[in-house]
Protein chains: 2
Amino acid sequence: MKTRIGIAGYGNLGRGAEIAVMKAEDMELTAVFTRRDPAGVQILTEGVPVVSISEISEWADKIDVLILCGGSATDLPVQTPEYAKLFNVIDSFDTHARILEHFANVDKAAKESGHIGMISVGWDPGLFSLNRVYANAILPQGKDYTFWGKGVSQGHSDAVRRIKGVKNAKQYTIPLEEALSAVRSGSDPELSTRDKHIRECFVVLEEGADAERVEKEIVEMPNYFADYNTIVHFIDEDEFNREHSGMAHGGFVFRSGTTGINNENKHIIEYSIKLDSNPEFTTNVIISYARAVKRMYDEGQRGCKTVLDVPPSYLCPQSEQELIAHFL
Amino acid sequence: MKTRIGIAGYGNLGRGAEIAVMKAEDMELTAVFTRRDPAGVQILTEGVPVVSISEISEWADKIDVLILCGGSATDLPVQTPEYAKLFNVIDSFDTHARILEHFANVDKAAKESGHIGMISVGWDPGLFSLNRVYANAILPQGKDYTFWGKGVSQGHSDAVRRIKGVKNAKQYTIPLEEALSAVRSGSDPELSTRDKHIRECFVVLEEGADAERVEKEIVEMPNYFADYNTIVHFIDEDEFNREHSGMAHGGFVFRSGTTGINNENKHIIEYSIKLDSNPEFTTNVIISYARAVKRMYDEGQRGCKTVLDVPPSYLCPQSEQELIAHFL
């Protein structure tokens, strides 16, 4: 029997999840839930209903895992514990500083109702977290480095768009090649976030706006840009729409550690991803973990879980023998 | 209570395991077992007995996890099932083609006696296997690439040493930079093992040996070198001992895959390691998994396990809350 998936929220993440489910032979999409008028939401899968989220409780016994595609700022802190009362749920909550609080809320709701709530699934938190944990377990003595990009920072793009005279803007966070090289060399440099990244902005001006003033406001903006090496390009709207509508992203996780009785041997572990579509990659991670949620639930596990709790084989549709034969 | 570790076999791997246990606050070394005369084996940890392997059965209730440090060709196929009758065991069996057979033998012995036998722990098989499984789960459509090196191939070094006139030799397997670049570019090249690696030999000749003939025998050797780009250097014994006694190794695992309704988005996942000491890194992996073996045994799990069965958090001494706070 196929795992029955529900999707709550139909933006970039919801659409990515839908495509990943279409391609998974062991899963089927049962329903998409939306806060909008369902009549106005067109999905890709034929024959699957789009339902108002106000009616979601009627679907409690028809769905094995509900994928929550809301945002971390205001949606998920409410939705994940709430829907964990009715469903096994999975989210991509990514506010690192509030994960323990979110964990506690989801754990309580999921244990009381007898479900699994898996949180913070994606690539950071998610795959990058896994790599930090594996590498720290193996090299207990060492240093961790995480770099983000090249990719769009939504918060920094918004900050540029709020400047008077700016019609549209995208800000790319770009890892600094010399910082990457220093880490790879094993020299264990001390690097702050600003030592590791540069910020590149592509800006479309309103007609008549003063480019010089806008550039000054960007590069001097406290917290966002003042402490970084920031590059500003002014481009026209056609170029902006043509070149800067993509959702590419990526990043690097390193651990540089030592072994030996006198720590005389150096080891470097490097993990990196380069993504054409951040939301589609993220939802592919989520769909793999939805498979694991179903299996862990069937085994009797309950409560809040993270990627750190999941045996890797649970992510795969293949049997243990197939995995051993092909991948071990 | 600390996890009580036994080590069977005291070569490079056994010594690496001993050092890793010394540095793990939640573990203690109980005994080292050897086929040699115990009186002639000097270990690093004070107060820990070196015991003849013929007496190992007397230690059955004094050890939580026995680490098997023998070779995959003849030692482990016998030792792992045999000692799984008495202990929870862990090995680094790395003959990929025979892993399913080894799994079946260890599973039978471990289930009959009520133990866990964890096999094929290290970096390939081991960490590289994990990365292949994670990446295949997340990107079901795509191609896998594994590169080895730069590091010493024992089998190829042995083959060169068997040539008449060769006094000593080391063979390094080196990933080809242009093949790595092609994979990173996302062009999904078709690459055989020989397209991905070059072979570099450092050879010390016997006095009066004919260098030209030796070089010809190396580069034309079927299976080992004939199909590769092979570089041969003749050096003197001093240089050999000074420059080529290290145990550095490394490698790369890639998955290049697509998402999107028409597979229009490309994603590349890259994992790599660069190691000063292959045996010490390998034993650090083994020690992390020994921690997991203890925990899985205490939970009631039995039989043969691999790295694919282990939740990442089980590798760490930290609590779940600490892991979430620091690494997620």
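Bear in mind the structure is a predicted one, so any value in this text is a computation, not a measurement.

Each value, and the rule that gives it
- Residues numbered from 1 in each chain as written.
- Chains lettered and ligands numbered in written order.
- Predicted model: local features only at pLDDT ≥ 70, side-chain atom pairs only at ≥ 80, totals over all residues.
- Heavy atoms only, no water.
- Contact = heavy atoms within 4.5 Å.
- Salt bridge = Lys/Arg side-chain N within 4 Å of Asp/Glu carboxyl O.
- Polar contact = N/O pair within 3.5 Å; in protein donor to acceptor, adjacent residues only side chain to side chain.
- Helix = DSSP H or I, 4+ residues; strand = E, 2+ residues; numbered from the N terminus.
- Nonpolar A, V, L, I, M, F, W, Y, C, P; charged D, E, K, R; others polar.
- Pairing = 2+ DSSP bridges.
- Axes fitted to C-alpha atoms, helices over the stretch in contact; angles between N-to-C directions.
- Parallel < 35°, antiparallel > 145°, perpendicular 65-115°, else oblique.
- Least-squares fit on C-alpha atoms with pLDDT ≥ 70 in both.
- Buried < 20%, exposed > 50% of the residue type's maximum accessible area, 1.4 Å probe, protein only.
- Core = buried A, V, L, I, M, F, W, Y, C linked by side-chain atoms within 4.5 Å.
- Phe/Tyr/Trp six-rings, centres within 6.5 Å; stacked < 30°, edge-to-face > 60°.
- Lys NZ or Arg CZ within 6 Å of the ring centre and 35° of its normal.
- 1 Å grid on protein atoms, 1.4 Å probe; cavity = no way out; pocket = protein on both sides within 12 Å on 5 of 7 lines; lining within 4 Å.
- Points joined across faces, edges and corners; volume = space filled by probe spheres on them.
- Left-handed = near helix turned anticlockwise from the far one by under 90°.
- Domains from an automatic or database assignment.
- Patch = residues over 30% accessible without salt bridge, like charges linked within 9 Å, V, L, I, M, F, W, Y side chains within 5 Å.
- Areas by Shrake-Rupley, 256 points an atom, 1.4 Å probe, with all protein chains shown as cover.

Draft legend 1. Structural view of the interface of chain A and chain B. In this complex, chain A contributes 67 residues to the contact, which on the side of chain B involves 67 residues. The interface formed by chain A and chain B holds 0 salt bridges in total. At the boundary of chain A and chain B, one finds 33 residue pairs in polar contact (both at pLDDT 80 or more). Mapped onto the side of chain A that touches chain B, the elements with two or more residues apiece are helix 1 (12-23), helix 3 (99-113), helix 4 (127-138), strand 13 (265-275), helix 10 (278-298) and helix 11 (320-327) of chain A. Here the side of chain A that touches chain B takes 11 residues from strand 13 of chain A, the largest share from any one element. A breakdown of the residues in the side of chain A that touches chain B according to their chemical character gives 36 nonpolar, 18 polar and 13 charged. In this structure, strand 13 of chain A lies alongside strand 13 (residues 265-275) of chain B, joined through 9 bridges in antiparallel fashion. Among the inter-strand pairings, tyrosine 271 of chain A is bridged to a residue of strand 13 of chain B, identified as tyrosine 271 of chain B.

Draft legend 2. Highlighting the packing of helix 11 of chain A against helix 3 (residues 99-113) of chain B. The N-to-C vectors of helix 11 of chain A and helix 3 of chain B enclose an angle of 135 degrees; their axes lie 9 Å apart at closest approach. Classified by the angle between their axes, helix 11 of chain A and helix 3 of chain B sit oblique to one another. Contacts from Glu320, Gln321, Ile324 and Ala325 of chain A of helix 11 of chain A reach helix 3 of chain B at Ile99, Leu100 and Phe103 of chain B. By residue class, the composition of the contact of helix 11 of chain A with helix 3 of chain B is 5 nonpolar, 1 polar and 1 charged.

Draft legend 3. Local environment of the relation of the copies chain A and chain B. By a simple turn and slide, chain A fits onto chain B: the slide is 0.0 Å along the axis, the RMSD is 0.1 Å, and the turn is 180 degrees. Taken together, the turn and the small shift mark the pair as related by a two-fold rotation axis.

Draft legend 4. Region of interest: the pairing of strand 12 (residues 249-259) of chain A. Residues and elements named next belong to chain A. Across the 11 residues that make up strand 12, a large majority, 11, are buried. Side chains His249, Gly251, Val253, Arg255, Gly257 and Thr259 project from strand 12 onto one buried face, and the interleaved Gly250, Phe252, Phe254, Ser256 and Thr258 project onto a second face that is buried too. Strand direction decides the pairing type here: strand 7 (residues 142-148) and strand 12, joined by 7 bridges, are antiparallel. Across the sheet, the residue bridging to glycine 142 is glycine 257, located in strand 12.

Draft legend 5. Layout of the nonpolar core. Tyr289 of chain A together with Tyr289 of chain B are the most contacted members of the largest nonpolar core, which has 157 residues in total. If near-sequence neighbours (up to four positions away) are discounted, tyrosine 289 of chain A is found in contact with Ile90, Met118, Val121, Leu130, Val307, Val310 and Leu315 of chain A together with Tyr134 of chain B.

Draft legend 6. Representation of the packing of aromatic side chains. With the rule as written, the count across this model stands at 15 aromatic pairs over all chains. Ring centres 6.2 Å apart and planes at 70 degrees place the aromatic pair tyrosine 134 of chain A and tyrosine 134 of chain B in the edge-to-face group. Linking tyrosine 134 of chain A in helix 4 with tyrosine 134 of chain B in helix 4 (residues 127-138), this pair reaches from one chain into another. Plain terms: the ring middles of tyrosine 172 of chain B and phenylalanine 202 of chain B are 5.7 Å apart, the flat faces sit at 85 degrees to each other, and that makes the pair edge-to-face. Here the residue tyrosine 172 of chain B occupies a position in strand 9 (residues 166-175), and phenylalanine 202 of chain B occupies one in strand 10 (residues 197-205), the gap between them amounting to 30 residues. In this structure tyrosine 172 of chain B comes out as buried when scored by relative accessible area, which is 9%. A relative accessible area of 11% places phenylalanine 202 of chain B in the buried class. Ring-pair connections join several aromatic residues into one group, and the members of that group are Trp123, Phe128 and Tyr271 of chain A. Above the face of the tryptophan 59 of chain A ring, lysine 62 of chain A is positioned so that its terminal group lies 5.5 Å from the ring centre.

Draft legend 7. The arrangement of empty space enclosed by the protein in detail. If you walk through the whole model with that rule in mind, you get 2 cavities of 30 Å³ or more. Here the largest cavity defines a volume of roughly 100 Å³. As for the largest cavity, its lining consists of Leu127, Leu130, Asn131, Tyr134 and Tyr271 of chain A together with Leu127, Leu130, Asn131, Tyr134 and Tyr271 of chain B. Contributing elements (two or more residues each) for the lining of the largest cavity: helix 4 of chain A together with helix 4 of chain B.

Draft legend 8. Fine view of the sheet that holds strand 13 of chain B. Spatially, 6 strands are ordered 7(A)-12(A)-13(A)-13(B)-12(B)-7(B) in an open sheet, and the strand pairing comes out antiparallel. Of all the strands in the sheet, the pair left with one neighbour each is strand 7 of chain A together with strand 7 (142-148) of chain B. Strand-to-strand, the axes of this sheet are offset by a mean angle of 5 degrees, without reference to chain direction. Sheet analysis places strand 12 (residues 249-259) of chain B next to strand 13 of chain B, joined by 11 bridges and oriented antiparallel. In the strand pairing of strand 13 of chain B, glycine 251 of chain B is matched with isoleucine 273 of chain B. Most of the contacts of helix 4 of chain A go to strand 12 of chain A, to which it runs at about 5 degrees, and overall it touches strand 7, strand 12 and strand 13 of chain A together with strand 13 of chain B.

Draft legend 9. Focus on the packing of helix 2 (residues 75-83) of chain A against helix 3 of chain A. Residues and elements named next belong to chain A. Contact pair helix 2 / helix 3: the axes reach a minimum separation of 8 Å and the direction vectors enclose 20 degrees. What the angle tells us is that helix 2 and helix 3 run roughly parallel. Here helix 2 and helix 3 pass one another in a crossing that is right-handed. Along the contact surface, helix 2 presents Leu76, Pro77, Thr80 and Pro81, while helix 3 presents His102, Asn105, Val106 and Ala109. Looking at the contact of helix 2 with helix 3 residue by residue, the classes come out as 5 nonpolar, 3 polar and no charged.

Draft legend 10. Fine view of the domain arrangement of chain A. The domain boundaries assigned to chain A delineate domain 1 (3-122 + 279-327) and domain 2 (142-262). The distance between the C-alpha centroids of domain 1 of chain A and domain 2 of chain A comes to 31 Å.

Draft legend 11. Spatial organisation of a nonpolar patch on the surface. A contiguous nonpolar patch, built from Met22 and Leu44 of chain A together with Ile261 of chain B and spanning about 250 Å² of accessible area, is present on the exposed surface. Its place among the elements puts methionine 22 of chain A in helix 1.

Draft legend 12. Quick look at helix 2 of chain A. Among all positions in helix 2 of chain A, only Asp75, Leu76, Gln79, Thr80, Pro81 and Tyr83 of chain A are buried. In this fold, the buried residues of helix 2 of chain A make contact with strand 4 (65-68), strand 5 (89-90) and helix 3 of chain A.

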